[in-house]
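Residue-level listing of the chains:
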Amino acid sequence: MKWLELLTVAGATLVSAAVVVTLYSLGVRFTAIAADAQQTSPRVKRSFANICFALCGAAVLFGLYLIIPYFTK
């Protein structure tokens with residue numbers, strides 16, 4: 001068995017899962033901050049939240065692209 005390849009896949013999975021969870025939680029946090037009535041610039045924070053959600057979705061779609069064999073032909 002090729003242990004180095006197994007560790008590479010495990011490490012890539014761990015890092016990518018952490019990135020997706022972090023981007024999603026940052027998006028939720030920026031959305032909550034933007035909803036606060038006392039904020040001076042909620043539009044900027046809302047746009048940061050949308051950027052985080054878009055990056056999270058792009059990471060998920062890229063993962064699906066790598067997993068589904070139809071797309072890699």
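Here's a quick rundown of the structure. In this text, all values refer to a predicted model and were calculated from it rather than measured experimentally. For every chain, the first residue of the written sequence is number 1, and numbering continues from 1 onward in sequence order. At least 70 in pLDDT is required for a residue's local features to be given in this predicted model, at least 80 for side-chain atom pairs to be given and counted, and no such filter applies to totals for whole chains, interfaces and linings, which use all residues. Computation of side-chain values covers all heavy atoms of the structure but excludes hydrogens and water.

**Side note on the overall build of the protein chain**
So, point 1. Going along the chain from the N terminus, every DSSP run of H or I of four or more residues is numbered as a helix, and every run of E of two or more is numbered as a strand. Helix and strand counts for the protein chain stand at two helices and zero strands.
So, point 2. As a reference, a globule follows 2.2 Å times the number of residues to the power 0.38, and the radius of gyration itself is taken over C-alpha atoms. Taken over C-alpha atoms, the radius of gyration comes to 17 Å for the protein chain, far larger than the 11 Å a tight globule of 73 residues would show.
So, point 3. The principal-axis extent of the C-alpha atoms belonging to the protein chain is close to 60 × 25 × 10 Å.
So, point 4. Working definition: with a 1.4 Å probe on protein chains only, accessible area under 20% of the residue-type maximum means buried, over 50% means exposed, and in between means partly exposed. Burial analysis of the protein chain (73 residues in total) assigns 8% to the buried set.
So, point 5. Using the Shrake-Rupley algorithm and a 1.4 Å probe, accessible areas are obtained, with residue cover drawn only from the displayed protein chains. Surface accessibility of the protein chain: about 6000 Å² in total, with carbon and sulfur atoms responsible for 73%.

**Some remarks on the packing of helix 1 (residues 3–34) against helix 2 (residues 42–67)**
So, point 1. For the pair helix 1 and helix 2, interaxial distance at closest approach is 8 Å and the crossing angle is 160 degrees. Our classification of the angle between helix 1 and helix 2 gives roughly antiparallel. Handedness of the crossing formed by helix 1 with helix 2: left-handed. Across the interface between the two elements, V20, L23, Y24, L26, G27, V28, F30, T31, I33 and A34 of helix 1 pack against P42, K45, R46, F48, A49, C52, F53, L55, C56, A59 and V60 of helix 2.
So, point 2. Taken together, the residues of the contact of helix 1 with helix 2 break down into 17 nonpolar, two polar and two charged. Geometry is summarised by axes, namely lines fitted to C-alpha atoms with helices restricted to the contacting stretch, and by angles between N-to-C directions that run from 0 to 180 degrees. Should an angle fall under 35 degrees it is called roughly parallel, over 145 degrees roughly antiparallel, and 65 to 115 degrees roughly perpendicular, with every other angle called oblique. Two helices crossing with the near one rotated counterclockwise from the far one by less than a right angle form a left-handed crossing, whereas a clockwise rotation gives a right-handed crossing. Here a residue-residue contact requires only that any non-hydrogen atoms of the pair lie within 4.5 Å. Three residue categories are used. Nonpolar comprises Ala, Val, Leu, Ile, Met, Phe, Trp, Tyr, Cys and Pro, charged comprises Asp, Glu, Lys and Arg, and polar comprises the others, including Gly.

**Some details on the environment of G11**
So, point 1. Relative to the helices and strands, G11 is located in helix 1.
So, point 2. A relative accessible area of 32% means that G11 is categorised as partly exposed.
So, point 3. For the pair G11 and G27, spaced 16 residues apart in sequence, the C-alpha separation works out to 24 Å.

**Re the state of the cysteines**
So, point 1. What counts as a disulfide here is a pair of cysteine sulfur atoms lying within 2.5 Å. Evaluated as defined, the whole model comprises zero disulfides.
So, point 2. Cysteine C52 shares no disulfide, and the gap to the nearest cysteine sulfur, in C56, comes to 9.0 Å.
So, point 3. Residue classification places C52 among the buried residues on the basis of a relative accessible area of 9%.
So, point 4. According to the relative accessible area criterion, C56 is buried, its value standing at 9%.

**Overview of helix 2**
Every α-helix carries 3.6 residues per turn, so stepping three or four residues along brings you back to the same face.
So, point 1. In this analysis, the expected span of each helix is defined as 1.5 Å times one less than the number of residues it contains. Here helix 2 spans 38 Å end to end across 26 residues, near enough to the 38 Å set by a 1.5 Å rise per residue.
So, point 2. Regarding helix 2, the residues found buried are A49, C52 and C56.
So, point 3. Those residues of helix 2 that are buried lie in contact with helix 1.

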